[in-house]
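# Tertiary structure, described
Below are the chains, spelled out letter by letter.
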Amino acid sequence: MAPSSWKVEIAVFLAVNTSFLVLFDAFSADRNISGRSAPMRPRPSRLDDGRQRLMDLNGFEYVVDSGACDGPRRLTPVLVHSHVDHFERRRAIRQSYRRTELDRLGFRHVFMVGLPSSGDVATDRVTQERLVRESSRHGDVVQGNFREAYRNLTYKHAMGLTWFAARCPQSDYMVKMDDDIAVNLYKMHDVLGRADNRDLAGCVIVAKPIRDESNKWYVSRAEFAGDSYPPFLSGWLYMAKAVSVGRLLRAIEVRERYFWIDDLYVTGILAERAGLALTDLRLDFETDPGPVHCCVLKRQRCDFLAAPTGDDWTLLQRYAEQLTRCKATNSSCDLFRKSKRHHSCLDLWKKKKPLDATADRIGKPSIEILDWN
């Protein structure tokens, strides 16, 4: 071999290996040693003039992102709307179903949060640092650069839809839920497999605006001109086909006025505009924590889809553990359904519940329901 030939081969070898090391280092920068996705800043979608926007929010970006949908598996992400401060609730949800069980059912929890907004700079800094550590450990947090506030819930909802559409191209479905709702993932798995499942599925509500200006949740005619809202789904829990999520996002008008009741706006106003059909699962929802208590304590009537947990976030974990135990032992989780014994359990719960059991719901949007029954 000529001297010039082997010198050329060595130079090429060194160049290739140097390029490999540079690429490896760049790729590894956004990964931690456990292989989970670390917080990173993706390239957000941009407007024609280069600005970034989420609905009418210019300058939007992900402060923390998640790679929960990465990989070859076709998963259904469960987007949990959580306040940035709710560390214990997120922990309880993570511990509610074993990872092996989640994988078998095809679900993965992903938590949607905003920026800390306590009003104290030092407190907010500590909260944000703790959230970043949580994200680094679990890889399941998505955070937008808007402040946590009830009037910003629609931004969080739109962020979740946008994240799903961009990050989960292999998923057929998306699930949205709140972080204080006990959910039966076994039942939800069955619902997603039903042939009659339409574009959006959940608890259908028909309601009208509150026009009393003294009411905290007053909606003016400038915000919503009609006398009744279109049918919409409770934000506690609903399921959406992937193609329907895309249609919801396309239905957002460029200069649309912001509307702050997020579940109504997304699953009612946008869904109507996009021509989406709703599947009513109202009979599978419970409206208070009583049935969760009776399931956990007495193994009574556990076979509902979703129910609130009130102040007791430990019920998120205990309810899932009871369901998993019943499945593992092939025993009934629906004993004494609507029987005198079950009603006795509910009556006992009502007597024992704290007087301020609904305190954590103070300040949440309220609507006047027309035809719940």
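Described in the following lines is the structure provided in the data block. All values derive from a computational prediction rather than experimental measurement.

## Thoughts on the sheet that holds strand S3 (residues 62–64)
Strand pairing in a sheet relies on backbone hydrogen bonds, with the paired strands running either antiparallel or parallel. Spatially, the eight strands line up as an open sheet ordered S3-S6-S5-S4-S7-S11-S9-S12, and their pairing is mixed. This sheet does not close on itself; its edge strands, each paired only once, are S3 and strand S12 (278–280). On average, each strand axis in the sheet is inclined to that of its neighbour by 30°, with strand direction left out of account. Judged from the four bridges that link them, strand S4 (residues 76–81) and strand S7 (residues 173–178) form a sheet pairing that is parallel. Bridge pairing links Val78 to Val175 in S7. With respect to the sheet, helix H2 (residues 87–96) is in contact with S4, strand S5 (107–115) and strand S6 (141–147), its orientation differing from that of S5 by roughly 175°. Contacting S3, S4, S5, S6, S7 and strand S11 (232–241), helix H5 (residues 153–167) runs over the sheet at an angle of about 135° to S5.

## Brief notes about the state of the cysteines
If you walk through the whole model with that rule in mind, you get two disulfides. Note on cysteine connectivity: Cys69 is disulfide-linked to Cys168, with sulfurs 2.0 Å apart. With the S-S dihedral at roughly 75°, the linkage between Cys69 and Cys168 falls on the right-handed side. With Cys69 in the loop between S3 and S4 and Cys168 in the loop between H5 and S7, the pair connects residues that are 99 residues apart, well separated along the chain. When sorted by exposure, Cys69 lands in the same class as Cys168, which is buried. Residue Cys295 pairs covalently with Cys302 via a disulfide, S to S 2.1 Å.

## Here we look at the environment of Pro169
Secondary-structure assignment places Pro169 in the loop between H5 and S7. For the pair Pro169 and Cys69, spaced 100 residues apart in sequence, the C-alpha to C-alpha distance is 8.4 Å.

## Concerning the packing of H5 against helix H7 (residues 242–250)
In helix packing, the relevant descriptors are the interaxial angle and the interaxial distance, both defined with respect to the helix axes. Following both chains from N to C, one finds H5 and H7 inclined at 125°, their axes separated by 10 Å at the closest point. In terms of their interaxial angle, H5 and H7 are classed as oblique. Crossing of H5 over H7 shows left-handed handedness. Between H5 and H7, the residues in contact are Ala158, Leu161, Thr162, Phe164 and Ala165 and Ala242, Val245, Leu248 and Leu249, respectively. Partitioning the contact of H5 with H7 into residue classes produces eight nonpolar, one polar and no charged.

## Points about the packing of H2 against helix H10 (residues 314–329)
Close contact between H2 and H10 brings their axes to 8 Å; oriented N to C, the two are set at 5°. Taken together, the axis directions place H2 and H10 in an arrangement best described as roughly parallel. For the pair H2 and H10, contact is made by Arg89, Arg91, Ala92, Ile93, Gln95 and Ser96 and by Leu316, Gln317, Ala320 and Glu321, respectively. Class assignment for the residues of the contact of H2 with H10 results in four nonpolar, three polar and three charged.

## So, helix H9 (residues 290–298)
With seven of nine residues buried, H9 is to be regarded as a mostly interior element. Buried within H9 are the following residues: Gly290, Pro291, Val292, His293, Cys294, Cys295 and Val296. Two residues or fewer after H9 comes Arg299, characterised by a positive phi angle close to 55°.

## What to know about the packing of aromatic side chains
Under the criterion given, the structure shown has nine aromatic pairs. With 6.0 Å between their ring centres and 65° between their planes, Tyr97 and Tyr186 make a pair best called edge-to-face. Of this pair, Tyr97 sits in the loop between H2 and helix H3 (99–105) while Tyr186 is found in helix H6 (residues 185–192), placing the two residues 89 residues apart along the sequence. We note that Tyr97, like Tyr186, is buried.

Rules of the game
Residues numbered from 1 in each chain as written. Predicted model: local features only at pLDDT ≥ 70, side-chain atom pairs only at ≥ 80, totals over all residues. Heavy atoms only, no water. Pairing = 2+ DSSP bridges. Helix = DSSP H or I, 4+ residues; strand = E, 2+ residues; numbered from the N terminus. Axes fitted to C-alpha atoms, helices over the stretch in contact; angles between N-to-C directions. Contact = heavy atoms within 4.5 Å. Disulfide = S-S within 2.5 Å. Buried < 20%, exposed > 50% of the residue type's maximum accessible area, 1.4 Å probe, protein only. Parallel < 35°, antiparallel > 145°, perpendicular 65-115°, else oblique. Left-handed = near helix turned anticlockwise from the far one by under 90°. Nonpolar A, V, L, I, M, F, W, Y, C, P; charged D, E, K, R; others polar. Phe/Tyr/Trp six-rings, centres within 6.5 Å; stacked < 30°, edge-to-face > 60°.

Read these as layout, nothing more, since geometry by itself doesn't imply function.
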